[in-house]
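# Reading the structure
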Amino acid sequence: MLKATFQDVLIAAKRLEGRINKTPLVYSDQLSTETGAEVYIKMEALQKTGSFKVRGALNKMDALTQEEQKRGVVTASAGNHAQAVAYASTLKGISAQIVVPSSTPQTKLEGIKRYGGELIIHGDLYDEAEDHALQLAEETGRVFVNAFEDDLVVAGQGTAGLEALLEQPDADILLIPAGGGGLLCGAALVAKAINPAIKVIGIQTDTSPPWYYSFKAGKLVDVEYRPSYAEGLHGGITAGNFDLAKEIVDDFVLVTEKDVARAMYWMAKQHHYMLEGSAVVGIAALQKGLVPDVKGKKIITIATGSNVDLGRLAQFYNEFEETGK
C-alpha cells in the first residue's frame, strides 16, 4: 500500500533543489487554436537524463542507508527509469544493475551505459525484465528500486506536477501519461491538493491499456499487450499505485499507435522538440478530441521524455510529410 502525500512531494522538492532542471511550461499556440483551449506542455523532456524519472530516482537514492548503499541497487525499466537510476547511483557512488527488455530503444541503452549502470537485457516485455531484476535482488542482496510502486519515487515524480501547477495553479485539466503510475500518482496528489476541482486524466495507448480497463472495472484486470511506440508506458500495474490512483484520478483515455506517431511528428515540426512516444500521448489525445469539454479550459500535459531513436522519428516525419495523414 502506498502512503505518499502532498507533504512528501514538498519534502522531495526541497531535497532535489539545485540537482534537477526546473523544466519550462511551454504554451502551445497551435494546439490551443486547434482545441479552443489554453494548452501548456510541461517539458520534462528537457530534464537531466532526458526524462522526469531522475526526480524519483534521486529522491529514492537519498533515502538509502549506508548499509543499503554498500549492497548496491538493481532495477527494471523500459529505459528512462533505468537511465535515471544509473545517473543517480553514479552521483552517490552506488553500484547499480539495470535490467531492461529487448524492446528498449538503442538511445536508452546507450544512456544507461553512459551514466554508469551495469546493463542487463532480459526478456521481451517490461514484466519479464522486472521478474529477473527481483530474482537478482534476492540472489545478490541488492536493493530493488521499483520504477513506480514506491512512496519516495512517487513523491519525487510528483515534483514535476508541483512545478507546473505553481506556474498555473488555476489549471482545469491535467493530462498525465500513465505507465506504472509513479508520475500519475505523484502529479495527481499535487493537483488535488492545490485545486480539488481539477480534472486529472491518465493517458495510455491501446496496445498497453491496463489502467484504462482496470479503472473502468474498479479492480485490476488482465489485458492484451502489443508492441508500442510508447514503450515507456508499456507493462502491467500494481495494486499499490492502482489503489492510490482510484482516489485522485478522474478518468483514463486511450490513444492509438498512429495517434502517437502523428503527435511525435507534429511536435518535431511545429515546436521543434524531439519527443518519445510516451511523452506525446496527452498531445495525441487532445488532437484526436478524446478529452471531453476542453473549450475555454486551461490544460497542462506533461511531455515526459526525449529519449527517442532518431531513425524512428525520421520514419514518422517522412511518412506524414508524404501522406499528410
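Please refer to the structure higher up on the page.
Attention here is on the structure that accompanies the text. As the structure is a prediction and not an experimental result, all values here were calculated from the model. (Residues numbered from 1 in each chain as written. Predicted model: local features only at pLDDT ≥ 70, side-chain atom pairs only at ≥ 80, totals over all residues. Heavy atoms only, no water.)

### Quick notes on the overall build of the protein
- The helix and strand inventory of the protein stands at 14 helices and 10 strands.
- A globule of 325 residues ought to have a C-alpha radius of gyration of about 20 Å, and the protein, at 18 Å, matches this closely.
- Here the C-alpha coordinates of the protein stretch approximately 55 × 45 × 40 Å along the principal axes.
- Here the protein holds 325 residues, and the buried ones make up 59% of them.
- Of the accessible surface of the protein, which amounts to about 12800 Å², a share of 49% is contributed by carbon and sulfur atoms.
- Taking the 32 positively charged and 41 negatively charged side chains of the protein as two groups, their mean positions are separated by 4 Å. (Helix = DSSP H or I, 4+ residues; strand = E, 2+ residues; numbered from the N terminus. Rg over C-alpha atoms; globule rule 2.2 N^0.38 Å. Buried < 20%, exposed > 50% of the residue type's maximum accessible area, 1.4 Å probe, protein only. Areas by Shrake-Rupley, 256 points an atom, 1.4 Å probe, with all protein chains shown as cover. Lys, Arg positive; Asp, Glu negative; His and termini not counted. Charge placed at Lys NZ, Arg CZ, Asp CG, Glu CD.)

### Observations concerning helix H3 (residues 53–62)
- Along H3, 9 of the 10 residues are buried, which leaves the element largely enclosed by surrounding structure.
- Within H3, the full set of buried residues consists of Lys53, Val54, Arg55, Gly56, Ala57, Leu58, Asn59, Lys60 and Met61.

### Details of unusual backbone geometry
- Look at histidine 272: it is not a glycine, yet its phi comes out positive at around 60 degrees.
- With respect to the helices, strands and loops of the structure, histidine 272 is situated in the loop between helix H12 (257–271) and helix H13 (281–287).
- The class for histidine 272 is exposed, based on a relative accessible area of 66%.
- Within the chain, aspartate 293 stands out as a residue other than glycine whose phi angle is a positive 55 degrees.
- Position of aspartate 293 among the secondary structure elements: in the loop between H13 and strand E10 (298–303).
- Exposure remark for aspartate 293: the relative accessible area of 58% places this residue in the exposed category.

### Description of the environment of valine 255
- Inspection of the secondary structure assignment puts valine 255 in strand E9 (residues 251–255).
- For the pair valine 255 and asparagine 21, spaced 234 residues apart in the sequence, the C-alpha separation amounts to 29 Å.
- When sequence neighbours within four positions are dropped, the list of residues in contact with valine 255 reads Ile203, Gln204, Thr205, Asp206, Val260, Val281, Ala284, Ala285 and Leu290. (Contact = heavy atoms within 4.5 Å.)

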